[in-house]
Amino acid sequence: MQQSLITATTVLVLALQATGQEVVEAEDLPEAPPVEMAVTVEMPELEAAVAEQGAASTELAALRAEVTALRVELRQLQDTLDLLVTQVMADLETENDQLRGEVRRMYQRADAGLSGVPRPGADLINDVLQEDFGEGEIMAYAAGAEVDAPRELPFLVINEWGRSPEAAAALPGDVPSLAGLVGAVPPGSRKVDVEALGRKLREDYAAYDNINVEIFDNEDAAAFYAETNVSDPVHRILSISKHAASGRDVILLLENGEPTEVAF
């Protein structure tokens, strides 16, 4: 094999010499520059998969952010609900204590032979009694003192109770409806305005079988009557009484205990 290679080389050299071409030794040849090759491989399916995975990661991050925000909102709602429930429970406990206290008070009055009207929440009524009628209402009423026509009186409800016609009809038997009210008007209210108030209240409660309305021109006197059922003749100025069973139906204007019937 080696001998054949030498022979072939010798033949090549002789041939080049015969053609007049110079034989160049291998050491005299210039060094060939290195050859660089760049191969580009296109894989569209792989690129699409990578892009889809990136989009899915972005969407997952957005969903996680939304879930975190919802958890925060739910926590806030739970805190608000807990606060409301606590307030409601506190209010119910307060009302329960007021009712129990009123039941004890009524039993004590019954044992003492006294009558009265239950007044749950009497503390609230007493708070209201510490406040005067609205200053604007009083001023507006006083500004029209020279007007002869009846004018609407500032009116404060001290206590109200009863049974509506609808509630009475829902009960078994012939149960009468009842409207009870104790109220106060400003001191010095004109007779014509008190009479107009009496007619209006009688009209408001026209559908009731029984009406028991007592009006005073002094808040303390009205509150005392609501508490004890004892009337102050100096400050009791209006009484509306209707009793279906007896046929009584009257509006009385009172002055120092002296009644004057008011037509309606």
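Above this text you will find the structure in question.
Residues numbered from 1 in each chain as written. Predicted model: local features only at pLDDT ≥ 70, side-chain atom pairs only at ≥ 80, totals over all residues. Heavy atoms only, no water.

Draft legend 1. Local environment of the pattern of salt bridges. Throughout the structure, instances matching the rule amount to six salt bridges. Where lysine 200 meets aspartate 204, a salt bridge forms, and the shortest distance between an N and an O atom there is 3.1 Å. Of this pair, lysine 200 and aspartate 204 both sit in helix α6 (residues 191-204), separated by four residues, roughly a single helical turn. Residue aspartate 204 is classed as partly exposed on the basis of its relative accessible area, which comes to 43%. Arginine 202 is the salt-bridge partner of aspartate 249, the closest N and O atoms lying 2.6 Å from each other. Taken together, the residues span a long stretch of sequence, with aspartate 249 in strand β5 (residues 248-255) and arginine 202 in helix α6 at a distance of 47 residues. Residue classification places aspartate 249 among the partly exposed residues on the basis of a relative accessible area of 28%. For arginine 202, a relative accessible area of 10% gives the class buried. A single network of salt bridges, built from pairs that share partners, joins Arg151, Arg190 and Asp193. (Salt bridge = Lys/Arg side-chain N within 4 Å of Asp/Glu carboxyl O. Helix = DSSP H or I, 4+ residues; strand = E, 2+ residues; numbered from the N terminus. Buried < 20%, exposed > 50% of the residue type's maximum accessible area, 1.4 Å probe, protein only.)

Draft legend 2. Layout of unusual backbone geometry. For asparagine 229, which is not a glycine, the phi torsion comes out positive at approximately 65°. Position of asparagine 229 among the secondary structure elements: in the loop between α7 (219-228) and β4 (236-243). In this structure, asparagine 256 is a non-glycine residue whose phi angle is positive, near 55°.

Draft legend 3. Focus on the nonpolar core. Of all hydrophobic cores here, the largest spans 18 residues; its most connected members are Leu201, Tyr205, Val213 and Ile215. Residue assignment for this core shows that the elements contributing at least two residues are β2 (178-184), α6, β3 (210-216), β4 and β5. Other than its neighbours up to four places away in sequence, tyrosine 205 contacts Glu160, Ala179, Leu181, Ile211 and Val213. Ile158, Val182, Ala221 and Tyr225 belong to the second-largest nonpolar core, a separate cluster that totals ten residues. (Core = buried A, V, L, I, M, F, W, Y, C linked by side-chain atoms within 4.5 Å. Contact = heavy atoms within 4.5 Å.)

Draft legend 4. Inspection of the sheet that holds strand β6 (residues 258-261) at higher detail. One open sheet accounts for six strands, arranged β1-β2-β3-β4-β5-β6; its pairing is mixed. Two strands bound the open sheet, and with one partner strand each, they are β1 (156-163) and β6. This sheet shows a mean twist of 15° between the axes of neighbouring strands, independent of strand direction. When β4 meets β5, the two strands line up antiparallel, connected through six bridges. Paired with lysine 242 across the two strands is aspartate 249, which belongs to β5. (Pairing = 2+ DSSP bridges. Axes fitted to C-alpha atoms, helices over the stretch in contact; angles between N-to-C directions.)

Draft legend 5. Highlighting the pairing of β2. Taken across its seven residues, β2 has six buried, putting it largely inside the fold. Here β1 runs beside β2; their pairing, made up of seven bridges, is antiparallel. Bridged to leucine 156 within β2 is alanine 184. Across seven bridges, β2 lies against β3 in parallel orientation. Paired with alanine 179 across the two strands is isoleucine 211, which belongs to β3. Read from β2 through α6 to β3, the crossover connection turns out right-handed. (Right-handed = clockwise from strand over helix to strand, strands pointing away.)

Draft legend 6. Quick peek at the packing of aromatic side chains. For the coordinates displayed, the defined rule picks out two aromatic pairs. Both rings, one in tyrosine 205 and one in tyrosine 208, keep their centres 5.6 Å apart while their planes meet at 80°; by these two values the pair is edge-to-face. There is no split in this pair, since tyrosine 205 and tyrosine 208 are both buried. Ring geometry for phenylalanine 216 against tyrosine 225: centres 5.5 Å apart, planes inclined by 40°, an arrangement best described as tilted. Here the two residues phenylalanine 216 and tyrosine 225 agree in accessibility, since each one is buried. (Phe/Tyr/Trp six-rings, centres within 6.5 Å; stacked < 30°, edge-to-face > 60°.)

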